[in-house]
Amino acid sequence: MTQKASSLASGGRSLTSPPLPWTTRLYIALLSVVTDGARRSNGTINRRLLSFFDARSSASAKPRHGVRTADVRVDPSRDLWFRLFVPSSASSGRIPVIVYFHGGGFAYLSPASRAYDAFCRRICRKINALVVSVNYRLAPEHRYPAPYEDAVDVLRFLDDGGLASADPTAAGLADLSRCFLAGDSAGGNMVHHVARRWAADAAGGWKNLRLAGMVLIQPFFGGEERTESENRLVGAPLVSVDRTDWLWRAFLPEGADRDHEAANVFGPRADGELEAALPEAMVVVGGFDPLQDWQRRYYECMTARGKAVRLLEYPDAIHAFYVFPELKLSAAFIDELKAFIK
């Protein structure tokens, strides 16, 4: 099913540039300068420089904006943890669990980054769901498949009852039979690959956790081909061919090209048939995102393989529009997410 959630900002007009407040434009420009400056020509990242500009929020046992948070350790040896978001309104009964994977090209940010802390807090409050925001290992220090492995291990932690010892109150609320994987950009890529790993073992390898759905928000896919939208949207906010090429080189195995299945999931090196247990998916696409052709291709290939997928398009949206609460489209998307989960 395809839906165009158009034009809260434009009234349906054809635009030559995305409709953004000047403060948002300024923030995006600064973010682009910092991340570009942190990329070294030898393929490493200047983490110290990034740390000066990656504003972070601490977990808070006292509710803020109707949500309390806690950081739960899974494996300290590799700094694997997640930030748990619990809505204050959920005093009894079981509620869905959303396991969230943040964006950042596999190389940047964390659940503690202020933008993701605020975004997951909004999701938790608006949807009345537990949110588990995963801190996975980052490239280039940790390449493929490290983030996927970390994500699966968090699912195993939940399936094995780890939440009961970490936060008994939250464990009493968590309905693990209604678990959704959600993520944006690189996190959206992770949703697909992690769901496949879950589905490959769904017949008997999981005791409690059942995936009810996948939400891929402007997922980071790619390939050796240059698509029409990548060529047309040169200069779009945040995403460019130069940046994505560097990020794929930092993440994929040494010597791999962008047709590796991690990037080009239905490309020439795709690995066999999709697992029957893959749940229903929602794919979110923005009209000012250079990655949109890859995202639509994912939707088309999933549909062609008989999977239930909903395509949600925002013609006026830039990449990462959802983390900017000042944008009307961000609130509209959370409403759509709530409807999908409910």
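Computed from a prediction, not measured in an experiment: that's the story for all the values here. (Residues numbered from 1 in each chain as written. Predicted model: local features only at pLDDT ≥ 70, side-chain atom pairs only at ≥ 80, totals over all residues. Heavy atoms only, no water.)

A. Highlighting helix α10 (residues 292-304). Its 13 residues give α10 an end-to-end C-alpha distance of 18 Å, which sits within 8% of 18 Å, the value for a rise of 1.5 Å per residue. Residues of α10 that are buried include every one of Q292, D293, W294, Q295, Y298, Y299, C301 and M302, and no others. The first or second residue beyond α10 is G306, which carries a positive phi of 85 degrees. (Helix = DSSP H or I, 4+ residues; strand = E, 2+ residues; numbered from the N terminus. Expected span 1.5 Å × (residues − 1). Buried < 20%, exposed > 50% of the residue type's maximum accessible area, 1.4 Å probe, protein only.)

B. Just the packing of aromatic side chains, in detail. The full count for this structure, using the stated rule, is 20 aromatic pairs. Ring plane angle 5 degrees and centroid distance 3.8 Å describe the contact between F106 and F251, whose orientation is recorded as stacked. Highlighted residues: F106 in the loop between β4 (95-101) and α3 (114-127) and F251 in helix α9 (residues 241-251), separated in sequence by 145 residues. The class of F106 is buried, set by a relative accessible area of 0%. Classification of F251 as buried rests on a relative accessible area of 0%. One aromatic cluster is present, built from ring pairs that chain together Y100, Y116, F119, Y314, F321, Y322 and F333. (Phe/Tyr/Trp six-rings, centres within 6.5 Å; stacked < 30°, edge-to-face > 60°.)

C. Representation of the environment of E313. Position of E313 among the secondary structure elements: in strand β9 (residues 309-318). Among the polar contacts listed, one links the side chain of E313 to the side chain of R296, at a separation of 2.7 Å. (Polar contact = N/O pair within 3.5 Å; in protein donor to acceptor, adjacent residues only side chain to side chain.)

D. Quick peek at a positive patch on the surface. A grouping of R125, K126, K338 and K342 is seen on the molecular surface, where their side chains present a positively charged patch. The residue K338 is located in helix α11 (residues 328-341) in this model. The exposure class assigned to K338 is partly exposed, which follows from its relative accessible area of 34%. (Patch = residues over 30% accessible without salt bridge, like charges linked within 9 Å, V, L, I, M, F, W, Y side chains within 5 Å. Areas by Shrake-Rupley, 256 points an atom, 1.4 Å probe, with all protein chains shown as cover. Salt bridge = Lys/Arg side-chain N within 4 Å of Asp/Glu carboxyl O. Lys, Arg positive; Asp, Glu negative; His and termini not counted. Charge placed at Lys NZ, Arg CZ, Asp CG, Glu CD.)

E. Structural view of the packing of helix α4 (residues 146-159) against helix α7 (residues 186-200). Direction vectors running N to C along α4 and α7 enclose 60 degrees, while the axes themselves pass 9 Å from each other. On the basis of their axis angle, the class for α4 and α7 is oblique. As α4 runs across α7, the sense of the crossing is right-handed. Residues P147, Y148, A151, V152 and L155 of α4 form the contact with α7, whose participating residues are N189, M190, H193, V194 and R197. By residue class, the composition of the contact of α4 with α7 is seven nonpolar, two polar and one charged. (Axes fitted to C-alpha atoms, helices over the stretch in contact; angles between N-to-C directions. Parallel < 35°, antiparallel > 145°, perpendicular 65-115°, else oblique. Left-handed = near helix turned anticlockwise from the far one by under 90°. Contact = heavy atoms within 4.5 Å. Nonpolar A, V, L, I, M, F, W, Y, C, P; charged D, E, K, R; others polar.)

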